[in-house]
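Structure assessment
Take a look at the letters that make up each chain.
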Amino acid sequence: MTLLVPFDGSELSEAALERATEFAEFTGEDVVALTVVPDEPEYALSRNWLDADDPFDPDAIADRLRDRVADIAPEADFRYEIPEDVSSMASITTDVIRTIRAVAHDVEASVVFIGSENAGRVSSPVSSVGAPVSEDPGYDVYIIRHA
């Protein structure tokens, strides 16, 4: 089984990766850090993956985030995905959520560690991946709310 950490380089995703790594020491499970890079330059800018003058290059973004993962959790595996555009009606957040859930099942995740200030609240913001990812009964979810 695997511990999956959606990783976007934010403080909360870094904290989630640290906690998953600590948990893995006790369970012997592998840790996979997953970065989802939508094919949208604006999304990359909003995540501070790019400066305004930088060209949009998903591979370069993934390489930078892979390096951050290696600094935090050298034993963790890194995986990155570009979500499929399956519906013109779906938001970028929906595409990211669908990708996280698909990878969770693909790696047979036993636990997904999500860094989110919003997951689990009564009202969920549209931009949060925490609540929809946590609804899948196929794995446990640990929500990290403090970095």
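Residues numbered from 1 in each chain as written. Predicted model: local features only at pLDDT ≥ 70, side-chain atom pairs only at ≥ 80, totals over all residues. Heavy atoms only, no water.

Examining the sheet that holds strand S2 (residues 30-36)
- On the basis of which strands lie adjacent, the open sheet formed by five strands has the order S3-S2-S1-S4-S5 and parallel pairing. Only two strands of the sheet have a single neighbouring strand rather than two, namely strand S3 (77-81) and strand S5 (140-144). Between one strand axis and the next, the sheet turns by 25° as a mean value, whatever way the strands run.
- Contacts from helix H3 (residues 58-72) reach S2 and S3 within the one sheet, and its direction differs from that of S3 by about 155°.
- Together, strand S1 (2-6), S2, S3 and strand S4 (109-115) form the strand contacts of helix H4 (residues 92-106), whose direction differs from that of S2 by roughly 155°. (Pairing = 2+ DSSP bridges. Helix = DSSP H or I, 4+ residues; strand = E, 2+ residues; numbered from the N terminus. Axes fitted to C-alpha atoms, helices over the stretch in contact; angles between N-to-C directions. Contact = heavy atoms within 4.5 Å.)

Section: the packing of aromatic side chains
- For the structure shown, the criterion picks out four aromatic pairs.
- When the ring of phenylalanine 23 is compared with that of tyrosine 142, the centres are 5.4 Å apart and the planes differ by 80°; the resulting orientation is edge-to-face. Here tyrosine 142 lies in strand S5 and phenylalanine 23 lies in helix H1 (residues 11-27), a separation of 119 residues in the sequence.
- The class of phenylalanine 23 is partly exposed, set by a relative accessible area of 26%.
- Taking relative accessible area as the criterion, tyrosine 142 reaches 33% and is therefore assigned partly exposed.
- One aromatic cluster is present, built from ring pairs that chain together Phe23, Phe113 and Tyr142. (Phe/Tyr/Trp six-rings, centres within 6.5 Å; stacked < 30°, edge-to-face > 60°. Buried < 20%, exposed > 50% of the residue type's maximum accessible area, 1.4 Å probe, protein only.)

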